[in-house]
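A look at the structure
The residues making up each chain are set out below.
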Amino acid sequence: MPNEDIEINTICSDLESSQFTLHACCNDDHKIDEKSAPRRLPKIKIFGTGGTIASKGASSSDTADYHVDLTIQQLLQAVPDISGICEIDYEQLCNVDSKEINESVLLKIYAGVSSALQTFDGIVITHGTDTLAETTFFIESTIDSGDVPIVFVGSMRPSTSISADGPMNLYQAICIAADKQSRGRGVLVSLNDQISAGYYITKTNANTLDSFNVRQGYLGNFVNNEIHYYYPPVKPMVCHKFKLQLSLDKTLISRTTFPTVHIVYAHQSISPALIELVSQHCEGMVIATLGAGSLPAIVNDKVLDLRIPVVYSKRSMDGMIPKANLPKPKGKDFFNIVASGYLNPEKSRILLQLCLFEKFTVEEIREVFSGVYGG
Ligand SMILES: NC(=O)C[C@H](N)C(=O)O
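An unreviewed UniProt entry annotates the chain as asparaginase originating from Lachancea thermotolerans. Quoted straight from UniProt, the Catalytic activity (unreviewed entry) entry for the chain says "L-asparagine + H2O = L-aspartate + NH4(+)". The heading Sequence similarities (unreviewed entry) in the UniProt record of the chain holds the text "Belongs to the asparaginase 1 family."

The structure is reproduced here in structure tokens:
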């Protein structure tokens, strides 16, 4: 339920649709000392894209079968007073369940973030959790945010549910984006009191509030209005930054498309015919292999015959694909298989798409994946 009692101010340029100006202090660090000169509050840009955080269900006990129905403005009404923490500007980029996030939405987010970096001290993006980790991976791989933190946030319960987690998650994300300690950390995810690197995070539970996991470790924690980082500012050391040099003009960017890369999920008795069929519809392929790169010999032989790059990733949630486990090229003039290293299939797909967009050769693709210890 939106909190009707709070007075909300905003620096939103869209004054007509704005009723906002967020006020308040949440912790001692942020309290304004009236005797001292007024300090400049950090400016935070908040983008809404939809997801469960922006959804409504049929009743307060329903936690499934809900629909995206709230704007970013309405979401902010449920957040406590933050006017002592930051100034905000908000914008609705789209309002969809994250299953609908496709390249054109990704590029809208890319353009929004790229332009906000010029004038804001921090960026918050509300997003559905199902594909949030793909968007965070894409943004970390394509935008050099310098010191500006880009904090993604979602929720697992719809806004109408008892104990909805959205308002607290959004409040925490705003505080994290506004906090000096978050500078220089790149793309972050704030969910369920945990702060993680957007590059590595994965959704590991389809239902619970504790839905995200990151084997590379959480970066910090949010407790009772305090942000506790465990490490000094750090970004993923292995991340290849693509300089896409896309125009931020809305019409031009909407015409950009990425090469098609499909994912094949391996299983016992997987048929080489499936690999053949899929290869006819894409410029690159990712296979979720059975273990650390293993596939039946006849499937490996079929893959080796293809003329497109194929990344071997894994069905297992954890672990990695070392280069040493790839099938041997057996004297072929073109060795098309690349190991995904630590990347899961969906992140490997995005990385391969970006490589193909940049027209990288297989050797160059191998080099990019060697950054994540594959190649
Ligand atoms: N918890 C969520 O946000 C799931 C939702 N289906 C989404 O990804 O948009």
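There is more to say after this.
Moving on to the pattern of salt bridges. Across all of its chains, the model carries 12 salt bridges by this definition. A salt bridge links Asp 301 to Lys 330; the nearest nitrogen and oxygen atoms lie 3.0 Å apart. Of this pair, Asp 301 sits in helix α7 (residues 297-305) while Lys 330 sits in the loop between β15 (310-314) and β16 (337-339); the two residues are 29 residues apart in sequence, bridging distant segments of the chain. The exposure class assigned to Asp 301 is partly exposed, which follows from its relative accessible area of 34%. Assessed through its relative accessible area of 61%, Lys 330 is described here as exposed. The network of salt bridges with shared partners includes Lys 45, Asp 89 and Glu 91.

This next bit is on the packing of aromatic side chains. A full pass over the atoms with the stated rule returns 9 aromatic pairs. An angle of 90° between the planes, with centres 6.3 Å apart, marks the rings of Tyr 230 and Tyr 231 as edge-to-face. According to the relative accessible area criterion, Tyr 230 is partly exposed, its value standing at 44%. Owing to a relative accessible area of 43%, Tyr 231 belongs among the partly exposed residues under this scheme. When the centroid spacing of 6.0 Å and the interplanar angle of 25° are considered together, the rings of Phe 242 and Phe 360 count as stacked. Placement of the pair is Phe 242 in the loop between β12 (226-229) and α5 (250-254) and Phe 360 in the loop between α8 (345-357) and α9 (362-370), with a sequence separation of 118 residues. Classification of Phe 360 by relative accessible area gives partly exposed; the value is 22%.

So, about the packing of α8 against α9. Axes are the key here: two packed helices are described by the angle between their axes and the distance separating the axes. Two numbers describe how α8 lies on α9: the axes approach to 10 Å, and their chain directions differ by 140°. With respect to α9, the element α8 is oriented oblique. At the point where α8 passes α9, the crossing takes the right-handed sense. Contacts from Ser 348, Leu 351, Leu 352, Cys 355 and Leu 356 in α8 reach Ile 365, Val 368 and Phe 369 in α9.

Further remarks concern the sheet that holds strand β7 (residues 187-191). If you trace the 8 strands from one edge of the open sheet to the other, you get β4-β1-β5-β6-β7-β8-β11-β12, paired in mixed fashion. Unpaired on one side and paired on the other, β4 (87-96) and β12 mark the two borders of the sheet. Going from strand to strand, the sheet's axes swing by 20° on average, the running direction of each strand aside. Alignment of strand β5 (residues 122-126) against strand β6 (residues 150-153), held across 4 bridges, turns out to be parallel. Bridge assignment links Ile 125 to a residue of β6, and that residue is Phe 152. Contacts from helix α3 (residues 132-142) reach β6 and β7, with the element oriented near 170° to β6.

The positions that UniProt labels "active site" (unreviewed entry) are, in the present scheme, Thr 52 and Thr 129. For this annotated set, covering 78 residues, all C-alpha atoms fall within 7.6 Å of each other, a compact arrangement in space. Among the secondary structure elements, Thr 52 is positioned in the loop between β1 (43-50) and β2 (55-56). For Thr 52, the residues in contact, after removing those within four places along its chain, are Tyr 66, Gly 128, Ser 155, Met 156, Arg 157, Pro 158 and Ser 159. Within the secondary structure, Thr 129 sits in the loop between β5 and α3. If we skip the residues at most four places from it in the chain, Thr 129 touches Ser 98, Gly 154, Ser 155, Met 156, Leu 191, Lys 203 and Phe 212.

Calculation notes
- Residues numbered from 1 in each chain as written.
- Predicted model: local features only at pLDDT ≥ 70, side-chain atom pairs only at ≥ 80, totals over all residues.
- Heavy atoms only, no water.
- UniProt positions renumbered as here; feature names shortened; annotations may be inferred.
- Salt bridge = Lys/Arg side-chain N within 4 Å of Asp/Glu carboxyl O.
- Helix = DSSP H or I, 4+ residues; strand = E, 2+ residues; numbered from the N terminus.
- Buried < 20%, exposed > 50% of the residue type's maximum accessible area, 1.4 Å probe, protein only.
- Phe/Tyr/Trp six-rings, centres within 6.5 Å; stacked < 30°, edge-to-face > 60°.
- Axes fitted to C-alpha atoms, helices over the stretch in contact; angles between N-to-C directions.
- Parallel < 35°, antiparallel > 145°, perpendicular 65-115°, else oblique.
- Left-handed = near helix turned anticlockwise from the far one by under 90°.
- Contact = heavy atoms within 4.5 Å.
- Pairing = 2+ DSSP bridges.

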